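Topology and contacts: notes
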Amino acid sequence: MMTLRTALWTVGLLGPLIACTPLGMWLYEDPALEVARVRLDAEQVATSPVLIALAVNNPNDFDLSTIRLELRLRLNGIPIGRYDRDSVVSVPKTATSTVALPLTPTRLATRAQLRALRSGTHRFAVDGRATFTTPVGTRKVRFAHEGAIVFGNQAAGAAGGRMLGLLR
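To start, this report covers the structure provided alongside it. Throughout this description, residue numbers start from 1 for each chain and increase along the sequence as written. Local features are withheld for residues below a pLDDT of 70 in this predicted model, meaning they are given only at 70 or higher, and side-chain atom pairs are given and counted only at 80 or more; totals for whole chains, interfaces and linings count all residues. Side-chain measures were taken over the full set of non-hydrogen atoms in the model, leaving aside hydrogen atoms and water.

So, the overall build of the protein
Regarding its fold elements, the protein presents 4 helices and 10 strands. Under the scheme used here, helices are H or I runs from DSSP no shorter than 4 residues and strands are E runs no shorter than 2 residues, and both carry numbers assigned from the N terminus. When its helices and strands are written in sequence order, the protein yields α-α-β-β-β-β-β-β-β-α-β-β-α-β. Out of the 168 residues belonging to the protein, those deemed buried represent 38%. The criterion used for residue contact is that any of the two residues' heavy atoms lie within 4.5 Å. If you take every contact in the protein between residues at least 6 apart in sequence, the share linking residues at least 24 apart comes to 63%. Surface accessibility follows the Shrake-Rupley procedure with a 1.4 Å probe radius. Residue values consider only the protein chains on display as shielding. Entry remark: accessible area of the protein is about 9,800 Å², with carbon and sulfur atoms responsible for 56%. Accessibility here uses a 1.4 Å probe with only protein chains present; expressed as a share of the type maximum, an area under 20% marks a residue as buried, one over 50% as exposed, and anything in between as partly exposed.

Things to note about unusual backbone geometry
If you check the backbone angles, Asn76 has positive phi at about 50 degrees while not being a glycine. Tracing the sequence through the fold places Asn76 in the loop between β3 (64–75) and β4 (78–85). In this structure, Thr94 takes a positive phi of about 40 degrees despite not being glycine. With respect to the secondary-structure elements, Thr94 resides in the loop between β5 (90–91) and β6 (95–102). Thr94 gets classed as exposed once you look at its relative accessible area, which sits at 56%.

What to know about the nonpolar core
If you look at the biggest cluster of nonpolar residues, it comprises 33 residues, and the most contacted ones within it are Ile52, Leu71, Leu73 and Leu75. The set of elements that each furnish at least two residues to this core consists of β1 (32–40), β2 (50–58), β3, β4, β6, β8 (120–134) and β9 (137–151). Element by element, the count of residues in this core is highest for β3, at 5 residues. Setting aside residues up to four positions removed in sequence, Leu73 forms contacts with Val38, Val50, Ile52, Ile78, Pro79, Ile80, Gly81, Leu103, Phe124, Ala125 and Val126. Take the buried Ala, Val, Leu, Ile, Met, Phe, Trp, Tyr and Cys residues and link them wherever side-chain atoms come within 4.5 Å; each set so joined is a nonpolar core.

Remarks on the environment of Arg82
By the element assignment, Arg82 lies in strand β4. Put simply, Arg82 and Val50 are 32 residues apart on the chain and 9.3 Å apart in space, counted from C-alpha to C-alpha. The residues touching Arg82, leaving out its near neighbours within four places in the chain, are Leu71, Arg72, Leu103 and Thr104.

Focus on the pairing of β2
By the criterion of burial, β2 is predominantly enclosed, with 7 of the 9 residues buried. As judged from the 8 bridges shared by β1 and β2, these two strands associate in the antiparallel manner. In the strand pairing of β2, Ala32 is matched with Asn57. Pairing between β2 and β6: 8 bridges, direction antiparallel. Note on β6: the bridge partner recorded for Val56 is Ser97. Paired strands, in this sense, are two strands between which DSSP finds at least two bridges.

Pasting the structure below:
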């Protein structure tokens, strides 16, 4: 049985340890990132032929911003492109922002390969990491999203003639 002296000694020892946990860690929640759209345009020369739009949801009651974004896109298991840059993107509090990122195509993402993917339903997979500045310090948030994406007539109509992938 615990004596009053032992109980006070235990509380005295544990109290400072519990108090050292930053209050902000209880009030902060990592943002969620997922794919909103993918655009392929094999004929693009001046800009990237692959563009990905991420939806970034900030559930916190304070603004956040990224300092770095990294991601890789695969279509039907083929590495198509990557984004790996220091990027400052503001994410308003309790909101979802859409961020468009031009990907650097991989050597497998040739014009012929991109043309072959311009129609039909394809499997996509995106994985990456976003580094955020927050009131509790720098946070690295990993994300991954995969599913089916439709390119072709439906998607082209929605994008004004561009090959835009609509998620299923």
